[in-house]
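So the chains spell out like this:
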Amino acid sequence: MIICDTREKANQRILRYLEAHRIPFVERKLDTGDYMESERMDITIDRKKDLGELLKNMCSSDKSRFWREIRRSRQEGIKFIILCEHGGPYKTIEDVAGYKDRYSKVSGRELMERMYAAHIAYGVEFLFCDKRSTGKRIVEILGAGHD
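Thresholds, definitions, all that
- Residues numbered from 1 in each chain as written.
- Predicted model: local features only at pLDDT ≥ 70, side-chain atom pairs only at ≥ 80, totals over all residues.
- Heavy atoms only, no water.
- Helix = DSSP H or I, 4+ residues; strand = E, 2+ residues; numbered from the N terminus.
- Axes fitted to C-alpha atoms, helices over the stretch in contact; angles between N-to-C directions.
- Left-handed = near helix turned anticlockwise from the far one by under 90°.
- Contact = heavy atoms within 4.5 Å.
- Phe/Tyr/Trp six-rings, centres within 6.5 Å; stacked < 30°, edge-to-face > 60°.
- Buried < 20%, exposed > 50% of the residue type's maximum accessible area, 1.4 Å probe, protein only.
- Polar contact = N/O pair within 3.5 Å; in protein donor to acceptor, adjacent residues only side chain to side chain.

Q: I'd like a rundown of unusual backbone geometry, residues and numbers included.
A: Even without a glycine there, the phi angle at Ala 10 is positive, about 50°. Within the secondary structure layout, Ala 10 lies in the loop between strand 1 (2-4) and helix 1 (12-20).

Q: Residues and numbers for the packing of helix 1 against helix 5 (residues 134-142), please.
A: Closest axis-to-axis distance for the helix 1/helix 5 pair is 8 Å, and the angle between their directions is 60°. Between helix 1 and helix 5 lies a crossing whose hand is right-handed. From helix 1, Arg 13, Ile 14, Tyr 17 and Leu 18 reach across to helix 5, where they touch Thr 134, Gly 135, Lys 136, Ile 138 and Val 139.

Q: Which residues make up the environment of Tyr 90, and what values go with them?
A: Mapped onto the elements, Tyr 90 comes out in the loop between strand 5 (79-84) and helix 4 (108-122). As a C-alpha pair, Tyr 90 and Ser 61 span 29 residues in sequence and 25 Å in three-dimensional space. Setting aside chain neighbours within four positions, we find Tyr 90 in contact with Leu 51, Asp 95, Val 96, Gly 98, Tyr 99 and Phe 128.

Q: Account for the packing of aromatic side chains, with residues named and values stated.
A: By the definition in use, this model includes four aromatic pairs. Consider the rings of Phe 66 and Trp 67, whose centres lie 6.3 Å apart with planes at 80°: the pair is edge-to-face. The residues Phe 66 and Trp 67 share a single accessibility class, namely buried. Between the aromatic rings of Tyr 90 and Tyr 99, the centroid separation amounts to 5.9 Å while the plane-to-plane angle is 80°, which identifies the pairing as edge-to-face. You'll find Tyr 90 and Tyr 99 in the same group, each marked buried. Among the aromatic residues, those joined into a ring-pair cluster are Phe 66, Trp 67, Phe 80 and Tyr 122.

Q: Run through the side chain of Asp 5, naming residues and quoting values.
A: With respect to the secondary-structure elements, Asp 5 resides in the loop between strand 1 and helix 1. Classification of Asp 5 by relative accessible area gives buried; the value is 3%. Looking at Asp 5, its side chain comes within polar contact range of the main-chain nitrogen of Leu 30, at 3.0 Å. Once residues lying within four places of it in the same chain are set aside, the contact partners of Asp 5 are Arg 28, Lys 29, Leu 30, Gly 33 and Asp 34.

Structure follows, in structure tokens:
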């Protein structure tokens, strides 16, 4: 059964995907990430709607809460996976170097460096998908829905 964090915003299409594919889920507060599998609480997925949200979480003056969550998951032995729904040409961390956010002075290269730092220091895995495939990717990553 997939656990969906109650604080997760704009996830109705993901919940509809789970319902349509008869994948059991429950909504409750999670301390780390947005999605976990109830039988395997050692992996969490934190969904980001795009690279702009990821940039804000990792590089803005308000980044401490996000980094605390990453450190907490590491301390608790939970693999932290960030699933970024940006889509398009962004398929790897390296691709992020070419990203330009019109609302931030932070370069794509700087964001890429922060992502690599999180990966090296805390084992954070960064995956990318198109918004239309997010539900499917969450199920695949968590291994849910398979008997």
